[in-house]
Amino acid sequence: MTNIEYLVCIENIFSFNEQPYHEIIQLYRCDFLDPQFYQREQIEFYEKKRQKIALWVDVNQCLSGELLVVPQEFLKYL
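Now for a quick tour of the structure. (Residues numbered from 1 in each chain as written. Predicted model: local features only at pLDDT ≥ 70, side-chain atom pairs only at ≥ 80, totals over all residues. Heavy atoms only, no water.)

### A closer look at the pattern of salt bridges
In step 1: If you walk through the whole model with that rule in mind, you get 3 salt bridges.
In step 2: The partner of Glu-5 in a salt bridge is Arg-29, and the shortest N-O contact between them spans 3.4 Å. Here Arg-29 lies in strand E2 (residues 19–31) and Glu-5 lies in strand E1 (residues 2–16), a separation of 24 residues in the sequence.
In step 3: By relative accessible area, which is 40% here, Arg-29 ends up partly exposed.
In step 4: Between Arg-50 and Glu-47 there is a salt bridge, with its nearest N and O atoms 2.5 Å apart.
In step 5: Taking the relative accessible area as the measure of exposure, Arg-50 reaches 48% and is therefore partly exposed. (Salt bridge = Lys/Arg side-chain N within 4 Å of Asp/Glu carboxyl O. Helix = DSSP H or I, 4+ residues; strand = E, 2+ residues; numbered from the N terminus. Buried < 20%, exposed > 50% of the residue type's maximum accessible area, 1.4 Å probe, protein only.)

Here you go:
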């Protein structure tokens, strides 16, 4: 990563599967060093032992509400 800029700390309290959760999010804006990441449709990664997939989406779909963004405070930084 390069051009790293700290944006904000977000506290999020939510329920998932009827269980309460609390998270602290440190949000940064940055650029990938390898420009090929911007050309990929999806990026596979692991969260602990679970494989996940990140997708590039149109920011306007998020801002319009077509895609759900959680926590909603993220929308201020798109």
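### Description of unusual backbone geometry
In step 1: A cis amide bond links Val-70 with the next residue in sequence, Pro-71, at an omega value of -10°.
In step 2: Topologically, Pro-71 is positioned in the segment after helix H1 (59–63).
In step 3: For Asn-3, which is not glycine, the phi torsion reads 55° and is therefore positive.
In step 4: Taking the relative accessible area as the measure of exposure, Asn-3 reaches 54% and is therefore exposed.
In step 5: Residues other than glycine seldom take positive phi values, yet Lys-48 does so here, at roughly 60°.
In step 6: The exposed category is assigned to Lys-48, whose relative accessible area is 83%.

### Details of the pairing of E1
In step 1: Here E1 pairs with E2 via 12 bridges, running antiparallel. Note that in E2 the partner of Thr-2 across the bridge is Asp-31.
In step 2: Between the end of E1 and the start of E2, which pair antiparallel, lie 2 residues, with Asn-17 showing a positive phi angle near 50°. (Pairing = 2+ DSSP bridges.)

### Observations regarding the environment of Glu-23
In step 1: Relative to the helices and strands, Glu-23 resides in strand E2.
In step 2: Judged by its relative accessible area of 29%, Glu-23 falls in the partly exposed class.
In step 3: A sequence separation of 10 residues divides Glu-23 from Ile-13, and the C-alpha atoms of the two residues are 6.5 Å apart.
In step 4: Setting aside chain neighbours within four positions, we find Glu-23 in contact with Ile-10, Glu-11, Asn-12 and Phe-14. (Contact = heavy atoms within 4.5 Å.)

### A short note on the state of the cysteines
In step 1: Enumeration over the complete set of coordinates arrives at 0 disulfides.
In step 2: The thiol of Cys-9 is unpaired, and the distance to the nearest cysteine sulfur, on Cys-30, comes to 17 Å.
In step 3: Cys-62 takes part in no disulfide bond, and the closest cysteine sulfur to it belongs to Cys-30, at a distance of 17 Å. (Disulfide = S-S within 2.5 Å.)

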